[in-house]
Amino acid sequence: MAKKFRGAELVREIDQALDRGLARFLILTQGKLSKSSPVDTGRLASSWFIGAGIPDRSVPDEMDGKNTPSITKYDGRITMDRDWFISSNLDYSERVAFDPKYGKGGRVGGAAWFTTIANNLGKDADKSFDFFLRKVK
């Protein structure tokens, strides 16, 4: 006896797997950026925000170096129906990310902390999506 084709159900499962894979990818990448950022006061490590449709222009409060860096979790639903951004809006973020002189305090990856994360985005996305798509039967 032939199996009944579950087209609509299968499409729904794939859509859910893609949404979950994207959420996992964004959240893990935000965490990597925070964990790897050089720490002076902790402000850069706390400055990575996920934005839906447009970059989140938030800036973390000033820190005195005694505070523990924290990640601001995205509080909405992450779905494949829009563009997503992870951004830091501190005036020195780009300099610290790309200039080894300023990035040398990177906690993971040393001076090349940002480049290492950027170069691995493809592999990280594959792993995140694969994790959920393998469950679709």
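Residues numbered from 1 in each chain as written. Predicted model: local features only at pLDDT ≥ 70, side-chain atom pairs only at ≥ 80, totals over all residues. Heavy atoms only, no water.

Novice: Help me understand the overall build of the chain in this model?
Specialist: For the chain, the helix and strand inventory stands at 5 helices and 2 strands. Listed by position from the N terminus, the elements making up the chain come as α-β-β-α-α-α-α. Over its C-alpha atoms the chain spans a radius of gyration of 18 Å, topping by over 25% the 14 Å that the globule rule assigns to 137 residues. Taken across its 137 residues, the chain has 35% of its residues classed as buried. Considering only intrachain contacts with a sequence separation of at least 6, the fraction spanning at least 24 residues in the chain is 72%. For the chain, the accessible area works out to roughly 9000 Å², and carbon and sulfur atoms hold 54% of it. Averaging the coordinates of the 23 positive side-chain charges in the chain and doing the same for the 18 negative ones gives two points 8 Å apart. (Helix = DSSP H or I, 4+ residues; strand = E, 2+ residues; numbered from the N terminus. Rg over C-alpha atoms; globule rule 2.2 N^0.38 Å. Buried < 20%, exposed > 50% of the residue type's maximum accessible area, 1.4 Å probe, protein only. Contact = heavy atoms within 4.5 Å. Areas by Shrake-Rupley, 256 points an atom, 1.4 Å probe, with all protein chains shown as cover. Lys, Arg positive; Asp, Glu negative; His and termini not counted. Charge placed at Lys NZ, Arg CZ, Asp CG, Glu CD.)

Novice: Would you take a moment to explain the packing of helix H1 (residues 7–36) against helix H5 (residues 121–133) for this structure?
Specialist: A packed helix pair is summarised by two numbers, namely the angle formed by the two axes and the spacing between the axes. Interhelical geometry of H1 versus H5 gives an angle of 140° and a closest axis separation of 8 Å. What the angle tells us is that H1 and H5 run oblique. Pair H1 / H5 crosses with right-handed handedness. Across from Ile-14, Ala-17, Leu-18, Arg-20, Gly-21, Leu-22, Arg-24, Phe-25, Leu-28, Thr-29 and Lys-32 in H1, the residues of H5 making contact are Leu-121, Asp-124, Ala-125, Ser-128, Phe-129, Phe-131, Phe-132 and Leu-133. Residues of the contact of H1 with H5, tallied by class, amount to 12 nonpolar, 3 polar and 4 charged. (Axes fitted to C-alpha atoms, helices over the stretch in contact; angles between N-to-C directions. Parallel < 35°, antiparallel > 145°, perpendicular 65-115°, else oblique. Left-handed = near helix turned anticlockwise from the far one by under 90°. Nonpolar A, V, L, I, M, F, W, Y, C, P; charged D, E, K, R; others polar.)

Novice: Explanation requested: the environment of Met-63 in the structure shown.
Specialist: Its location among the elements puts Met-63 in the loop between strand E1 (49–52) and strand E2 (84–87). By relative accessible area, which is 14% here, Met-63 ends up buried. Between the C-alpha atom of Met-63 and that of Ser-93, which follows or precedes it by 30 residues, the distance is 15 Å. The residues contacting Met-63, other than those within four sequence positions of it, are Thr-41, Gly-42, Arg-43, Ser-46, Thr-68 and Pro-69.

Novice: Would you mind going over the side chain of Ser-88 with me for this structure?
Specialist: Here Ser-88 lies in the loop between E2 and helix H2 (93–98). Polar side-chain contacts of Ser-88 include one of 2.6 Å to the side chain of Ser-47. A polar side-chain atom of Ser-88 sits 2.5 Å from a polar atom in the side chain of Ser-93. Those residues within four positions of Ser-88 in sequence are excluded, and the remaining contacts are Leu-44, Ser-47, Trp-48 and Ser-93. (Polar contact = N/O pair within 3.5 Å; in protein donor to acceptor, adjacent residues only side chain to side chain.)

Novice: I keep staring at the side chain of Thr-79 and nothing clicks. Help me out?
Specialist: Its place among the elements puts Thr-79 in the loop between E1 and E2. Judged by relative accessible area, Thr-79 falls into the buried class, the value being 9%. Each residue touching Thr-79, except ones within four places of it in the same chain, is listed here: Asp-19, Leu-22 and Trp-84.

Novice: When you look at the packing of aromatic side chains in this model, what are you seeing that I'm missing?
Specialist: Working definition: an aromatic ring pair is given by the centre-to-centre distance plus the angle between the planes. Scanning all chains against the criterion turns up 6 aromatic pairs. With centroids separated by 6.3 Å and ring planes inclined at 70°, the aromatic side chains of Trp-48 and Trp-113 adopt a geometry described as edge-to-face. Here Trp-48 is found in the loop between H1 and E1, whereas its partner Trp-113 is found in helix H4 (residues 113–119), with 65 residues between them in sequence. Per residue, the accessibility class of Trp-48 equals that of Trp-113, and both read buried. The interplanar angle of 20° and the centroid separation of 6.3 Å between the aromatic rings of Trp-48 and Phe-114 together place this pair among those described as stacked. Of this pair, Trp-48 sits in the loop between H1 and E1 while Phe-114 sits in helix H4; the two residues are 66 residues apart in sequence, bridging distant segments of the chain. Here Trp-48 and Phe-114 have matching classes, each one buried. Clustering of aromatic rings is evident, with ring pairs tying together Trp-48, Phe-98, Trp-113 and Phe-114. Geometry around Phe-131 places Arg-24 over its ring, the cationic atom sitting 3.9 Å from the centre. (Phe/Tyr/Trp six-rings, centres within 6.5 Å; stacked < 30°, edge-to-face > 60°. Lys NZ or Arg CZ within 6 Å of the ring centre and 35° of its normal.)

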